[in-house]
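Each chain, letter by letter, is given below.
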Amino acid sequence: MDRAAACAILLAVPVLALAFYVGTRTFSPFWGYGAALAFYWFCVLLPLILWRRGFQKVRFALTPPARWLTVLNILPVLVVAGVAATALSQTPVAVHVLAAVCVAAILNGTLEEVFWRGTLLQDDASYAEQIGQIVLFTGWHIALLFAAGVVVTGGPVALLGGAAMGGVLWTLARMQTGTIGFCILCHIGLNLFAFTELATKNAV
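Figured I'd write up the structure that's included with this text. If you're wondering where the values come from, they're calculated on a predicted model, not measured in any experiment. (Residues numbered from 1 in each chain as written. Predicted model: local features only at pLDDT ≥ 70, side-chain atom pairs only at ≥ 80, totals over all residues. Heavy atoms only, no water.)

### Some points on the overall build of the chain
Here is the rule we go by: Strands here are runs of E lasting at least two residues and helices are runs of H or I lasting at least four, both read from the DSSP assignment and numbered beginning at the N terminus. Our radius of gyration is a C-alpha quantity, and the globule rule it is checked against amounts to 2.2 Å times the number of residues to the power 0.38. Burial classification: accessible surface area is computed with a 1.4 Å probe over protein chains only, and a residue below 20% of its type maximum counts as buried, one above 50% as exposed, and the rest as partly exposed. Should any heavy atoms of two residues lie within 4.5 Å, those residues are counted as being in contact. The protein chains shown are the only cover counted for residues, whose accessible areas, like all others here, come from Shrake-Rupley with a 1.4 Å probe. For the charge count, each Lys or Arg is scored as positive and each Asp or Glu as negative, with His and the chain ends excluded. In plain terms, the charge of a residue is placed at NZ if it is Lys, CZ if Arg, CG if Asp and CD if Glu.
Scanning the chain for helices and strands turns up eight helices and zero strands. Helices and strands in the chain line up, N terminus first, as α-α-α-α-α-α-α-α. Taken against the 2.2 N^0.38 rule, which gives 17 Å for 204 residues, the C-alpha radius of gyration of the chain at 16 Å falls within 12% of a compact globule. Across the 204 residues that make up the chain, the buried fraction comes to 48%. Across the chain, contacts joining residues at least 24 apart in sequence account for 85% of those joining residues at least 6 apart. With an accessible surface of roughly 9500 Å², the chain has 74% of that area assigned to carbon and sulfur atoms. Taken as two groups, the 10 positive and 7 negative side-chain charges of the chain have centres that lie 2 Å from each other.

Below, the structure is given as structure tokens:
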């Protein structure tokens with residue numbers, strides 16, 4: 001694991017917590033949440049990736065892992081898709097909000113995988129380093145709990161539990177294939193439906 005990057009992201013968590021705290025109190029919950037996420041992407045992840053030369057190191061090949069792991073990675077996406085479809089049928093969302101959701105899903109899924117599983121996690125990562133990366137990935141989501149007025153289905157337990165589950169599945173896939181292409185697609189898919197469901201509860 002890239003220890004310098006690990007230390008940097010750990011130090012960034014309180015800053016991210018402040019960004020979510022201020023953003024959701026300055027704007028509406030949905031757009032404040034989005035603004036804080038944008039800060040996370042462009043002021044934390046992207047500089048760390050460039051600093052550690054992540055784009056040069058990472059491999060983007062779309063190589064699926066073993067069949068059982070492929071199924072385990074796709075299953076949560078399908079489950080969350082069902083939840084999002086139900087939520088949308090009950091609370092329609094404006095087209096411009098859905099467009100913002102799509103952009104956010106692509107940016108978040110791509111940049112997170114390039115950093116967490118591409119830059120931070122290296123090909124020769126030990127089991128301890130893989131677990132450490134999963135703990136850090138789950139832990140940064142604590143910053144999201146400082147958002148005000150944002151309704152998240154299942155609350156903090158679902159948020160952190162979902163992050164931990166995703167971290168485990170994407171880490172296993174990355175270590176098995178040596179690439180992050182498949183992880184990016186699964187992450188974008190999960191984000192797309194999770195953010196859509198979030199929009200039905202928070203967009204105004």
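### Thoughts on the side chain of Asn191
Positionally, Asn191 belongs in helix H8 (residues 181–202). Of the residues examined, Asn191 reaches a relative accessible area of 7% and is grouped as buried. The contacts of Asn191, once residues within four sequence positions are left out, are Ala105, Asn108, Gly109 and Thr196.

### Overview of empty space enclosed by the protein
As a reminder of what qualifies: For cavity detection a 1 Å grid was placed over the protein atoms alone, and a set of points counts as a cavity when a 1.4 Å probe fits there but cannot get out; an open set counts as a pocket when protein lies on both sides within 12 Å along at least five of seven lines, with lining residues being those that have an atom within 4 Å of a point. Grid points are joined across faces, edges and corners, and a volume is the space filled by probe spheres set on the points. Charged residues are taken to be Asp, Glu, Lys and Arg, nonpolar residues to be Ala, Val, Leu, Ile, Met, Phe, Trp, Tyr, Cys and Pro, and polar residues to be all remaining types, Gly included.
In total, this model carries one cavity of 30 Å³ or more according to the counting rule given. Considering only enclosed or pocket space, the largest cavity measures out at about 40 Å³ in volume. Around the largest cavity, the lining residues are Asn73, Pro76, Val77, Met165, Gly166, Leu169, Trp170, Cys186 and Leu190. Taken together, the elements giving at least two residues each to the lining of the largest cavity come down to helix H4 (67–90), helix H7 (155–177) and H8. With four residues, the top contributor of residues to the lining of the largest cavity is H7. Within the lining of the largest cavity, the residues separate by chemical class into seven nonpolar, two polar and no charged.

### Points about the layout of surface pockets
By volume, the largest pocket amounts to about 710 Å³. Taken together, 29 residues form the lining of the largest pocket, with Ala158, Leu159, Gly162, Leu190 and Ala194 sitting closest to its centre. Of all the elements in the fold, those that place two or more residues in the lining of the largest pocket are helix H2 (29–51), H4, helix H5 (95–120), helix H6 (127–140), H7 and H8. If one sorts the elements of the lining of the largest pocket by residue count, H8 sits on top with eight residues.

### Regarding unusual backbone geometry
If you check the backbone angles, Arg53 has positive phi at about 55° while not being a glycine. Here Arg53 is to be found in the loop between H2 and helix H3 (54–57). For Arg53, a relative accessible area of 45% puts it in the partly exposed group.

### Topic: the side chain of Gln130
Using the following cut-off: Under the rule applied, a polar contact is a pair of N or O atoms within 3.5 Å (in protein, one hydrogen donor and one hydrogen acceptor; residues adjacent in sequence only if both atoms are side-chain atoms).
With respect to the secondary-structure elements, Gln130 resides in helix H6. Since its relative accessible area comes to 11%, Gln130 is described here as buried. Separated by 3.2 Å, the side chain of Gln130 and the backbone oxygen of Ala125 make a polar contact. Once residues within four sequence positions are removed from consideration, Gln130 is found in contact with Leu121, Ala125, Thr171 and Met175.

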